[in-house]
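# Chain and residue survey
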Amino acid sequence: LSAGDFGTAVYLSLSNRSLPKGDWSIGQVNICLDELNAAPDRKEKARVLKRMMRHTGCREQKWIVRIILRDMKIGMSERSVLG
């Protein structure tokens, strides 16, 4: 486990309790991330996150957490990818 890698901690914690593979497409995850961003309060954010967790597997959840925290660990910045 890499120190400070919350995405991996989520993965290890949920690997025995969540779906092995989710049933959502990348588009559906993206829509949900947009809803999360637009949520006006913590209660609505929690509702969106719970829905997302019910439809994604632990490996997908690890990457979703990294996206939310902007901790991709791929050695590229947003500028490199968008450029």
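Heads up: these notes are all about the structure in this document. Residue numbers restart at each chain and count upward from 1, following the sequence in its written direction. It should be noted that, the model being predicted, local features are given only for residues of pLDDT at least 70 and side-chain atom pairs only at 80 or more, the latter also being counted only at that level, while totals for whole chains, interfaces and linings use all residues. Just so you know, side-chain values use all the structure's heavy atoms and leave hydrogens and water out.

### Topic: the overall build of the protein
Here a helix means four or more residues in a row that DSSP labels H or I, a strand means two or more in a row labelled E, and each is numbered from the N terminus. Secondary structure summary: the protein contains five helices and zero strands in total. Each helix (α) and strand (β) of the protein, taken in turn from the N terminus, gives the series α-α-α-α-α. The classification of residues rests on relative accessible area computed with a 1.4 Å probe and restricted to protein chains. Under 20% of the type maximum is buried, over 50% is exposed, and intermediate values are partly exposed. Sorting the 83 residues of the protein into buried and exposed places 25% on the buried side. A separation of at least 24 residues holds for 66% of the contacts in the protein among residues at least 6 apart in sequence. Only the protein chains shown count as cover for residues, and all accessible areas are computed by the Shrake-Rupley method using a 1.4 Å probe. Accessible surface for the protein amounts to roughly 6200 Å². Of this, 57% is attributable to carbon and sulfur atoms. In what follows, a contact means two residues having at least one pair of non-hydrogen atoms within 4.5 Å.

### Focus on the layout of surface pockets
When its volume is computed, the second largest pocket comes out at roughly 270 Å³. Two kinds of site are reported from a 1 Å grid over the protein atoms alone, namely cavities, where a 1.4 Å probe fits but cannot get out, and pockets, open sets with protein on both sides within 12 Å along at least five of seven lines, and residues are called lining when an atom falls within 4 Å of a point. Forming the boundary of the second largest pocket are Trp24, Ser25, Ile26, Val29, Asn30, Leu33, Thr56, Glu60, Trp63, Ile64 and Ile67. At the level of secondary structure, the elements contributing two or more residues to the lining of the second largest pocket comprise helix 2 (26-38) and helix 4 (58-69). Tallied by class, residues from the lining of the second largest pocket come to seven nonpolar, three polar and one charged. Grid points are joined across faces, edges and corners, and a volume is the space filled by probe spheres set on the points. Residues are grouped as follows: nonpolar covers Ala, Val, Leu, Ile, Met, Phe, Trp, Tyr, Cys and Pro; charged covers Asp, Glu, Lys and Arg; every other residue, Gly included, is treated as polar.

### Remarks on a nonpolar patch on the surface
On the surface, Phe6, Leu49, Ile68 and Leu69 cluster together into a nonpolar patch covering about 350 Å² of accessible area. Its place among the elements puts Leu69 in helix 4. Patch definition: residues with relative accessible area over 30% and no salt bridge; like charges joined within 9 Å; nonpolar side chains (Val, Leu, Ile, Met, Phe, Trp, Tyr) joined within 5 Å. Whenever Lys or Arg places a side-chain nitrogen within 4 Å of a carboxyl oxygen from Asp or Glu, that contact is recorded as a salt bridge.

### Some thoughts on the environment of Ala39
On the secondary structure map, Ala39 appears in the loop between helix 2 and helix 3 (42-54). In this structure, Ala39 is in contact with Glu44 and Lys45, ignoring residues within four places of it in sequence.

### Details of the packing of helix 2 against helix 4
Interaxial angle, 0 to 180 degrees, is taken between N-to-C directions of lines fitted to C-alpha atoms, where a helix line uses only the stretch in contact. Look at helix 2 against helix 4: their axes get within 12 Å of each other, and the N-to-C directions meet at 40 degrees. The angle between the axes of helix 2 and helix 4 places the two elements in the oblique class. Crossing geometry of helix 2 relative to helix 4 is assigned as right-handed. For the pair helix 2 and helix 4, contact is made by Val29, Leu33 and Leu36 and by Ile64, Ile67 and Ile68, respectively. With respect to orientation, any angle under 35 degrees is reported as roughly parallel, any angle over 145 as roughly antiparallel, any angle of 65 to 115 as roughly perpendicular, and every other angle as oblique. For a crossing to be left-handed, the near helix must be turned anticlockwise from the far one by less than a right angle; the clockwise case is right-handed.

### Structural notes on the nonpolar core
To define a nonpolar core, start from buried Ala, Val, Leu, Ile, Met, Phe, Trp, Tyr and Cys residues and group those joined through side-chain atoms within 4.5 Å. Formed by Trp24, Val29, Cys32, Leu33, Leu36, Val48, Met52 and Ile64, the largest nonpolar core amounts to eight residues. Among the elements of the structure, helix 2 and helix 3 are those that each provide at least two residues to this core. Considering each element in turn, this core owes the most residues, four residues, to helix 2. The contact partners of Val48, leaving out residues within four places of it in the chain, are Cys32, Glu35 and Leu36.

In short, shape yes, function no, at least from these values alone.
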